[in-house]
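Letter by letter, the chains look like this.
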Amino acid sequence: MSVRNIFVVGMDDYNRQRLEHIRGAEQYRFHGVIEPEEVNDTEIFPIEDMLARAETQLKAFGEPIDAIVGYMDFPVSTMLPLLCKRIGTPSTSLESLLKCEHKYWSRLVQREVMADYIPRFTAFDPFDANALQRIGEAGLYMPFFVKPIKSSGSRLGFRIESPEDFAYAVERLCEGIGTISEPFNYVLEHANLPDDVRSVDGGHCMAEEIIGGWQCTVEGYVFQGDVVPYGIVDSIRYPQVLSFFYYRYPSRLPDAIQAKMQDLTRQIMSHIGYDNAAFNIEYFWDEVQDRIWLLEINTRVAQSHCDLFEKVDGVSHQQITVDLALGQLPDMPHRQGAFNVAAKFFYRVFFTDAIVTQVPSAEQIEALQKAFPGTVITLQVETGTRLSSLPEQDSYSYALAYVWMGADDDLALEDNYARLAEQLHFTFDDITS
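Throughout this document, residue positions are counted from 1 along each chain, in the order its sequence is written. Note on the predicted model: pLDDT of at least 70 is required for a residue's local features to be given, and 80 or more for side-chain atom pairs to be given and counted; whole-chain, interface and lining totals, by contrast, use all residues. The side-chain figures draw on all heavy atoms in the structure; neither hydrogens nor water molecules are used.

Looking at an unreviewed UniProt entry, one finds the protein named ATP-grasp domain-containing protein and attributed to Vreelandella janggokensis.

Below, the structure written as structure tokens:
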């Protein structure tokens with residue numbers, strides 16, 4: 001069998017190693033297209049320029065191109081259908097992808113088939129002086145949540161409890177929304193949009209009813225019209241705060257709730273017409289009201305979950321991304337990994353701000369990884385890092401390290417992490433001004 005050339009948008013060394021462990025990888029040659037720094041931990045997204053350079057690089061490649069894949073959120077996810085169309089490799093349609101990623105269009109489409117499982121919502125223009133009044137006229141009252149029509153991570157998301165909160169949020173949104181609205185609008189220009197969606201471009205925002213509960217993510221894919229949810233990952237928060245503590249796989253949600261979420265997933269992804277690509281959907285289960293809420297749809301596998309699937313099922317679910325991009329049924333194993341349960345822990349500090357003065361050494365990290373077999377620790381800071389400069393953080397805590405671990409059961413997993421965390425030592429200088 002001939003070697004197949006797979007181009008990966010924004011590929012870094014860490015993900016290259018993961019990809020080289022998937023099934024069939026001995027037949028694949030992975031190539032990077034667009035440097036990782038251009039699409040990761042940055043707020044500048046010159047999509048038109050990146051697409052032009054990527055197209056030039058790909059068309060100059062002297063061999064067949066079998067697939068183009070990505071594993072990141074905006075702008076990579078939105079660029080892929082455009083790039084695949086230009087080169088002629090498999091991908092879902094741009095319109096079906098935007099029905100997931102354009103938050104207003106997505107809610108409109110969700111309302112058509114699952115109105116009881118989504119919050120009340122409306123779109124608004126942050127530059128409109130009467131925006132708060134218009135939100136009220138649409139039947140949405142404080143408290144509510146606001147965010148851009150297209151956001152990157154949790155940037156520019158605000159909980160609104162008062163008119164003062166809204167005024168602050170709008171000021172921040174007006175300052176920062178252009179970095180995403182301009183590249184997103186470039187993508188929208190290439191899509192066939194309904195009139196009620198075209199008028200709500202990337203410069204607009206969403207206001208939504210507050211929802212919450214036990215949060216989880218249904219990972220899935222669609223192959224030739226068949227929607228397949230294949231795993232549910234729980235998102236566990238620190239007690240009394242909103243920051244994530246860890247992601248756990250497999251889920252411990254009641255079986256009936258998991259089954260209902262899988263049914264909803266099949267229903268909405270079929271309705272959207274999304275096809276031959278991976279996705280994940282974030283849900284809440286409000287245990288008190290016994291109510292399921294759909295939070296949002298993402299058009300990629302979750303990078304944070306790759307190691308969890310490898311530990312429990314035997315291979316990273318990037319397997320699915322690659323198989324689908326090659327036009328073949330995913331060859332994803334189930335429960336063939338070395339562990340029964342796995343988690344990604346967020347080692348956090350709860351400061352207003354500080355400068356990191358010391359981090360664990362490479363030798364200390366290596367010793368901890370050996371002491372807890374299967375563990376992977378990646379530091380997110382170095383000596384001299386100012387915590388407030390870290391990208392994609394909560395406003396009240398900072399993740400200093402990510403720790404992936406596996407165990408035989410949940411109790412052992414949590415106990416092992418607690419013992420490991422005691423041995424991760426950082427020091428700080430407080431910032432007084």
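Now that the structure has been shown, we can carry on.
Student: Outline the sheet that holds strand 4 (residues 121–124), supporting the account with residue identities and numerical values.
Tutor: Any two strands with at least two DSSP-identified bridges between them are counted as paired. Helix numbering and strand numbering both begin at the N terminus, where a helix is a DSSP run of H or I of at least 4 residues and a strand a DSSP run of E of at least 2. Reading across the sheet, the 4 strands line up as 4-7-5-6 and stay open at both edges, with antiparallel pairing between neighbours. For this open sheet the edge positions go to strand 4 and strand 6 (158–160), each flanked by a neighbour on one side alone. In this sheet, adjacent strand axes meet at a mean angle of 25° when their direction is disregarded. Contacts from helix 6 (residues 103–114) reach strand 4, strand 5 (144–148) and strand 7 (205–209), with the element oriented near 150° to strand 4. Every axis in this analysis is a line fitted to C-alpha atoms, fitted for helices over the stretch in contact. Angles between the N-to-C directions lie between 0 and 180 degrees. The contact definition used throughout considers only heavy atoms, calling two residues in contact when any of these lie within 4.5 Å.

Student: Which residues make up helix 4 (residues 76–87), and what are the values?
Tutor: Each helix should span, by expectation, one fewer than its residue count multiplied by 1.5 Å. Its 12 residues give helix 4 an end-to-end C-alpha distance of 16 Å, which sits within 8% of 16 Å, the value for a rise of 1.5 Å per residue. A large share of helix 4 lies buried, amounting to 9 of its 12 residues. Partly exposed describes any residue whose relative accessible area lies between the buried limit of under 20% and the exposed limit of over 50%, with all areas from a 1.4 Å probe on protein chains only and scaled to the type maximum. The set of residues buried in helix 4 consists of Val76, Ser77, Thr78, Met79, Leu80, Pro81, Leu82, Leu83 and Cys84. Packing partners of the buried residues in helix 4 comprise strand 1 (4–9), helix 2 (36–39), helix 3 (47–59), strand 3 (67–69), helix 5 (94–101) and helix 9 (178–188).

Student: Describe the nonpolar core, with residues and values.
Tutor: Joining through side-chain atoms within 4.5 Å is the link that ties buried Ala, Val, Leu, Ile, Met, Phe, Trp, Tyr and Cys residues into a set, and such a set is a nonpolar core. Core analysis: the biggest nonpolar cluster contains 99 residues, and Leu98 and Met269 have the highest contact counts within it. Listed in part, the 29 residues of the second largest apolar core include Ile365, Leu368, Tyr398 and Leu400.

Student: How would you sum up the pattern of salt bridges? Please name residues and give values.
Tutor: Should a side-chain nitrogen of Lys or Arg be within 4 Å of a carboxyl oxygen of Asp or Glu, the pair is scored as a salt bridge. Scanning all chains against the criterion turns up 22 salt bridges. For the salt bridge of glutamate 209 with arginine 120, the shortest nitrogen-to-oxygen distance reads 3.5 Å. Taken together, the positions of glutamate 209 in strand 7 and arginine 120 in the loop between helix 6 and strand 4 put the pair 89 residues apart, joining distant regions of the chain. One salt bridge connects arginine 419 with aspartate 415, and the closest N-O pair in it is separated by 3.6 Å. Of this pair, arginine 419 and aspartate 415 both sit in helix 15 (residues 410–421), 4 residues apart, which is roughly one turn of the helix. Judged by its relative accessible area of 41%, arginine 419 falls in the partly exposed class.

Student: Any details on the side chain of serine 397? Residues and values, ideally.
Tutor: Here serine 397 is to be found in the loop between strand 15 (376–379) and strand 16 (398–407). Two N or O atoms form a polar contact when they lie within 3.5 Å of each other; inside protein one atom must be a possible hydrogen donor and the other a possible acceptor, and for residues adjacent in sequence the pair counts only when both atoms belong to side chains. A polar contact of 2.8 Å, which involves the side chain of serine 397, links it to the side chain of serine 243. Reaching out from serine 397, the side chain makes a polar contact with the side chain of arginine 348 at a distance of 3.2 Å. The residues contacting serine 397, other than those within four sequence positions of it, are Ser243, Arg348, Val349 and Phe350.

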